[in-house]
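Residue-level structural notes
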Amino acid sequence: MDISKSTLDIIWAPWRLAYVTSDEKEKLEQKKRLAQGLVFMENADPDCFICQGSVCSEDQFSERYILHRTDHIIALLNRYPYNNGHLLIAPKRHIARLDLLTGEEWSEITSELTFWTGKLTELMNPDGFNIGLNLGRSAGAGLPGHLHWHIVPRWNGDTNFITTIGSAKAIPQSLEALWGVLKK
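Report follows, based on the coordinates. (Residues numbered from 1 in each chain as written. Predicted model: local features only at pLDDT ≥ 70, side-chain atom pairs only at ≥ 80, totals over all residues. Heavy atoms only, no water.)

**As for the sheet that holds strand β3 (residues 87-91)**
Put simply, the test is: Strands are labelled as partners when DSSP assigns at least two bridges between them. Starting at the N terminus, helices and strands are each numbered in turn, a helix being any DSSP run of H or I of at least four residues and a strand any DSSP run of E of at least two. To get an axis, fit a line to the C-alpha atoms, keeping to the stretch in contact for a helix; angles then go from 0 to 180 degrees between the N-to-C directions. Here a residue-residue contact requires only that any non-hydrogen atoms of the pair lie within 4.5 Å.
Judged by pairing direction, the sheet is antiparallel, and its five strands sit side by side in the order β1-β2-β3-β5-β4 without closing on themselves. Two strands lie at the open edges of the sheet, namely β1 (66-69) and β4 (128-132), each paired on one side alone. Recorded for the sheet is a direction-independent mean angle of 15° between the axes of neighbouring strands. Alignment of strand β2 (residues 73-77) against β3, held across five bridges, turns out to be antiparallel. Its bridge partner being in β3, L76 is matched across the sheet by L88. Contacts from helix α7 (residues 175-183) reach β1, β2 and β3, with the element oriented near 35° to β1.

Structure, rendered in structure tokens:
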């Protein structure tokens, strides 16, 4: 195929550069740097970004895109979103199974899912949401060891020709800008 005659559209997504260009060794070193100085919860995984966010100081919330943290849960932006406004809600404990959640964790997860769905509706006016979790790598979990729910705002027409035919997705807002809007 002659690329010069391609009708490929270019989509600007600078937040993906670190993911695309970093190799596994570099990713591991970055995780180690982020984890330095953190005192982890029992049974935590120091390489897990949710475990790191569960114990980091509040002055690190913006660099980790943490929106809210309680005694039992954490709410944060997805660094590799499916759509603008994609959030993650997780228990702070590093667990992979639903039956290991405590009553307090279930309660706070439900409360956070409800709160952030309402807040995203108020601030971004989506036409709907996909809310769910992937249990296990074979089910699509990118972080199978730490339960986390996805809240993905959806708009009529957000899946169009470029997504269907071009296997690409355009996300119109940077993570920094979104974090600033939601953190208010």
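**A closer look at the pairing of β3**
Rules: Buried residues are those whose accessible area, probed at 1.4 Å on protein chains only, stays under 20% of the maximum for their type, while exposed residues exceed 50% and partly exposed ones sit between those limits.
The buried fraction of β3 is high, at five of five residues. Burial along β3 is two-sided: the residues L87, I89 and P91 and L88 and A90 are all buried.

**Things to note about the pattern of salt bridges**
So the rule is basically this: What makes a salt bridge here is a side-chain nitrogen of Lys or Arg within 4 Å of a carboxyl oxygen of Asp or Glu, nothing more.
This structure, assessed with the given rule, holds three salt bridges. A salt bridge links R97 to D99; the nearest nitrogen and oxygen atoms lie 2.6 Å apart. We classify R97 as partly exposed; its relative accessible area is 46%. In this structure, K119 and E122 form a salt bridge, with 3.5 Å as the shortest nitrogen-oxygen distance. Pair noted here: K119 and E122 are both in helix α5 (residues 103-124), with a separation of three residues, about one helical turn. Residue K119 is classed as partly exposed on the basis of its relative accessible area of 22%.

Honestly, it's all geometry; don't read function into it.
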